[in-house]
Amino acid sequence: MTAPLDGVTVLDLTHVLAGPFASLTLGDLGARVIKVERPGTGDDTRTFPPFKDGASAYFVAINHGKQSIALDLKAEADREIFDALLARADIVLENYRPGVMEKLGYGWEALHARHPRLIYGAVSGFGHTGPDAERPAYDMVVQARGGVMSITGEKDREPVRVGASIGDIVAGMYLVQGVLAALLDRDKTGLGRKVDVAMLDSQLAILEHAVAITTTTGVAPGPSGARHPSITPFETFHAADGLFVIAAGNDALFARLCDVLGLPIARDPRFATNPARCENARTLKRLIEAITLDRPKSHWIERLEAAGVPTGPIQTVAEALHDRQILARNMVVDVLGPDGQPAFVAAGNPIKLSGMADPATRAPAPALDGDRQAIVNWLQKDVNDV
């Protein structure tokens, strides 16, 4: 069984989350990822709690299966090693502020001239062009500026940050897509491309309904809690023992929902179509909850699932990690420690490809500079082979 990126080498100069998430995904698809870190300190996330046996669980979750070499790109000896790595790499990833790589002599133009097949992937807060290109950014900054926070939270309350770091994660996903497209293009042209991904751009790109509403009506939507602003019923509902979700995304599903609840309103003009249901969403919610409050969540979820109506519980992360469907898809994996025994738990690879192994364990996260000798030996071997 082979992985599609077998034989692809990635030099990963990125740190914290967006870039490392991208290189983790490339590694899950078979690429060899060599993490180039700052001497002495390494990736910032090595200091992020919680810790287990002195290692950051955060760092391990995003960097398992990679190799590490610490290089000072201002030091001549380390630059020689880095230059040798560039000559053998397929992809280089970086998330410095625009201009930093150019000052080091490793910007896109210089690298493309020396290594025309090399793909250059850059992820930054605001991208490499535009008036704010050199400004610093973190996840919360782009969630706020990109509009995501303005539609997140409860109505008439302060906007909140999305709990997951989607400013970083989404940018990392787009970086992977761009790099894979560049690899495909290189097969046709023989030349690498620069992939420039901005975290801010990536936030706007995922605002499907919010952009449509704003540009069509002239009014920007605000926070709507768990409710979808363009589909009804599509939100949380109270049962006797707490909240669960119902997502009846079309008229046929709404009719099934009404059958399960015994609500004779499927043809009521107030609720017969999705636009009408959106206009009368609060009334509809009260009618539904007048029924669902009489029984526990499990009762309604079981009946709705049997009728084919999308529904589900609101699970904690701990509950999600034990969800039978998630476990059946190998989405909870063990990361091995230096002794070869399971030491950490991480999310699995959500990209399931036929013919590619999806083991239940992952290789350890690298110690800072822990693979220097192996990498140097590999470089020398390649030179000798030539």
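Residues numbered from 1 in each chain as written. Predicted model: local features only at pLDDT ≥ 70, side-chain atom pairs only at ≥ 80, totals over all residues. Heavy atoms only, no water.

Trainee: So what exactly am I meant to see when it comes to the sheet that holds strand β10 (residues 242–247) here?
Mentor: Each strand in a sheet pairs with its neighbour through backbone hydrogen bonds, running either in the same direction (parallel) or in the opposite one (antiparallel). One open sheet accounts for three strands, arranged β9-β10-β11; its pairing is antiparallel. Looking at which strands have only one partner, the edges of the open sheet turn out to be β9 (234–239) and β11 (311–313). Pairs of neighbouring strands in the sheet enclose a mean axial angle of 30 degrees, with direction left out of account. Of the pairings in the sheet, the one linking β10 to β11 comprises three bridges and is antiparallel in character. Bridged to V245 within β11 is G312. On the sheet, helix α12 (residues 281–292) packs against β9 and β10 and is oriented at approximately 35 degrees with respect to β9. (Pairing = 2+ DSSP bridges. Helix = DSSP H or I, 4+ residues; strand = E, 2+ residues; numbered from the N terminus. Axes fitted to C-alpha atoms, helices over the stretch in contact; angles between N-to-C directions. Contact = heavy atoms within 4.5 Å.)

Trainee: Would you mind showing me how to read the nonpolar core here?
Mentor: The nonpolar side chains of a soluble globular protein tend to be buried, and buried together. Core analysis: the biggest nonpolar cluster contains 27 residues, and V10, L26, I91 and L175 have the highest contact counts within it. When contributions to this core are tallied by element, the ones reaching two or more residues are α1 (18–28), β6 (91–94), β7 (119–124), α7 (166–189), β8 (194–198) and α8 (199–205). The dominant element in this core, judged by the number of residues it contributes, is α7, at six residues. Each residue touching I91, except ones within four places of it in the same chain, is listed here: V8, T9, V10, L11, L118, I119, V179 and L183. One finds I34, I69, L85 and W108 within the second-largest nonpolar core, a separate group that totals 25 residues. (Core = buried A, V, L, I, M, F, W, Y, C linked by side-chain atoms within 4.5 Å. Buried < 20%, exposed > 50% of the residue type's maximum accessible area, 1.4 Å probe, protein only.)

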